[in-house]
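Descriptive analysis of the structure
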Amino acid sequence: MDRERGATAPTARAMRVEIARKDLPLHCPMPGMSLWNSHPRVFLPIEVSGEERCPYCGTVYVLKDR
């Protein structure tokens, strides 16, 4: 996601990313992630739990306006 909308783009070092409801549906990798460290796109059902972990890279996404 872009910084203008308030979300941060994940990198290899960013293991926890806050997501706003306006950024749903959530998928990883997110826009802005470098192509060299990408994996297949997977959609994560963060609306249910408020927190999800990507099964490929381990990044934890937290829904901040739950």
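Everything here concerns the structure above.
As a starting point, this report considers the structure included with it.

So, how was this worked out
- Residues numbered from 1 in each chain as written.
- Predicted model: local features only at pLDDT ≥ 70, side-chain atom pairs only at ≥ 80, totals over all residues.
- Heavy atoms only, no water.
- Helix = DSSP H or I, 4+ residues; strand = E, 2+ residues; numbered from the N terminus.
- Pairing = 2+ DSSP bridges.
- Axes fitted to C-alpha atoms, helices over the stretch in contact; angles between N-to-C directions.

1. Remarks on unusual backbone geometry
Here the bond from L24 into P25 is cis, since omega is 5 degrees, no more than 30 degrees from zero. Its place among the elements puts P25 in the loop between β1 (16-19) and β2 (26-28). The linkage connecting C28 with the following residue, P29, adopts the cis geometry, with an omega of 0 degrees. Position of P29 relative to the elements: it lies in the loop between β2 and β3 (42-44).

2. Section: the sheet that holds strand β5 (residues 60-63)
Hydrogen bonds between backbone atoms are what pair the strands of a sheet, whose relative direction is either parallel or antiparallel. With mixed pairing, three strands are arranged side by side in an open sheet as β1-β5-β4. The open sheet has two edge strands with one neighbour each: β1 and β4 (51-53). If you compare each strand with its neighbour and ignore which way they point, the axes differ by 20 degrees on average. Looking at chain direction, β4 and β5 are connected through three bridges and run antiparallel. Each bridged residue has a counterpart across the sheet, and for E52 the counterpart in β5 is Y61.

Any link to function would need more than the numbers given here.
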